[in-house]
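Residue-level structural notes
Each chain, letter by letter, is given below.
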Amino acid sequence: MRVLLIEDEAAIVRYLERGLREEGHQVESAATGEDGIALALSEEIDLVIIDIGLPGLDGHQVLTAIREKKGSLPVLMLTARGDV
């Protein structure tokens, strides 16, 4: 499975990449919403994991942009926020 990880904190990226790769997945990563959108729309991706608190475009804006072009692409949202 090809997974796109859109996350700006390097330590979290390394941790998630390691775990996903150990499970046999291919992982691409982007540190900004803009780069993540570009990768999601230009690559064959099976799953996107998006941090809500990104610099520039936030995770909700990234999700909206991806949904406009690839509405059925599975997405998981990550957050450290304490509310819904």
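Reading the values: the criteria
- Residues numbered from 1 in each chain as written.
- Predicted model: local features only at pLDDT ≥ 70, side-chain atom pairs only at ≥ 80, totals over all residues.
- Heavy atoms only, no water.
- Pairing = 2+ DSSP bridges.
- Helix = DSSP H or I, 4+ residues; strand = E, 2+ residues; numbered from the N terminus.
- Axes fitted to C-alpha atoms, helices over the stretch in contact; angles between N-to-C directions.
- Contact = heavy atoms within 4.5 Å.
- pLDDT = per-residue confidence, 0-100.
- 1 Å grid on protein atoms, 1.4 Å probe; cavity = no way out; pocket = protein on both sides within 12 Å on 5 of 7 lines; lining within 4 Å.
- Points joined across faces, edges and corners; volume = space filled by probe spheres on them.
- Nonpolar A, V, L, I, M, F, W, Y, C, P; charged D, E, K, R; others polar.
- Core = buried A, V, L, I, M, F, W, Y, C linked by side-chain atoms within 4.5 Å.
- Buried < 20%, exposed > 50% of the residue type's maximum accessible area, 1.4 Å probe, protein only.
- Salt bridge = Lys/Arg side-chain N within 4 Å of Asp/Glu carboxyl O.

Right, let's talk about the sheet that holds strand 4 (residues 75–78) for a bit. In spatial order, the strands read 2-1-3-4; together these four strands make up an open sheet with parallel pairing. Each edge of the sheet is formed by a strand with only one pairing partner; in this case those strands are strand 2 (26–30) and strand 4. Across this sheet, the average inter-strand angle for adjacent strands is 20°, counted without regard to direction. Across five bridges, the pairing between strand 1 (residues 2–6) and strand 2 is parallel. Along strand 2, the bridge assignment pairs Ile 6 with Ala 30. Where helix 1 (residues 10–22) meets the sheet, it contacts strand 1, strand 2, strand 3 (47–51) and strand 4, and its direction lies at approximately 165° from that of strand 2. Where helix 2 (residues 33–42) meets the sheet, its contacts fall on strand 1 and strand 2, and the angle it forms with strand 1 comes to roughly 165°.

A few words on the confidence of the model for the chain. When the pLDDT values of the chain are averaged, the result is 94; 95% of them are 70 or greater. Strand 1 holds the highest mean pLDDT among the elements of the chain, 98, whereas strand 4 holds the lowest, 94.

The space that makes up the largest pocket amounts to roughly 210 Å³. Around the largest pocket, the lining is made up of twelve residues, and of these Glu 7, Ile 12, Asp 51, Thr 79 and Ala 80 lie nearest the centre. With three residues, helix 1 is the largest single contributor of residues to the lining of the largest pocket. Tallied by class, residues from the lining of the largest pocket come to six nonpolar, two polar and four charged.

On to the nonpolar core, then. In this structure, Leu 4, Ile 6, Val 48, Ile 50, Val 62 and Ile 66 are the most contacted members of the largest nonpolar core, which totals 13 residues. Of all elements in the fold, only strand 1, helix 2, strand 3 and helix 3 (59–69) reach the threshold of two or more residues within this core. If one sorts the elements of this core by residue count, helix 3 sits on top with three residues. Apart from residues no more than four positions distant in its own chain, Ile 6 is found in contact with Ala 30, Thr 32, Gly 33, Gly 36, Val 48, Ile 49, Ile 50, Asp 51, Leu 54 and Val 62. Core analysis: the next-biggest nonpolar cluster, separate from the first, contains seven residues, Val 3, Val 13, Val 27 and Leu 47 among them.

Scanning the model with the defined rule gives three salt bridges in all. With a shortest N-O distance of 3.1 Å, Arg 2 and Glu 28 are connected by a salt bridge. Within this pair, whereas Arg 2 is found in strand 1, its partner Glu 28 is found in strand 2, the two being separated by 26 residues in sequence. Several salt bridges share partner residues, and in doing so they unite Arg 2, Glu 28 and Glu 43 into one network.

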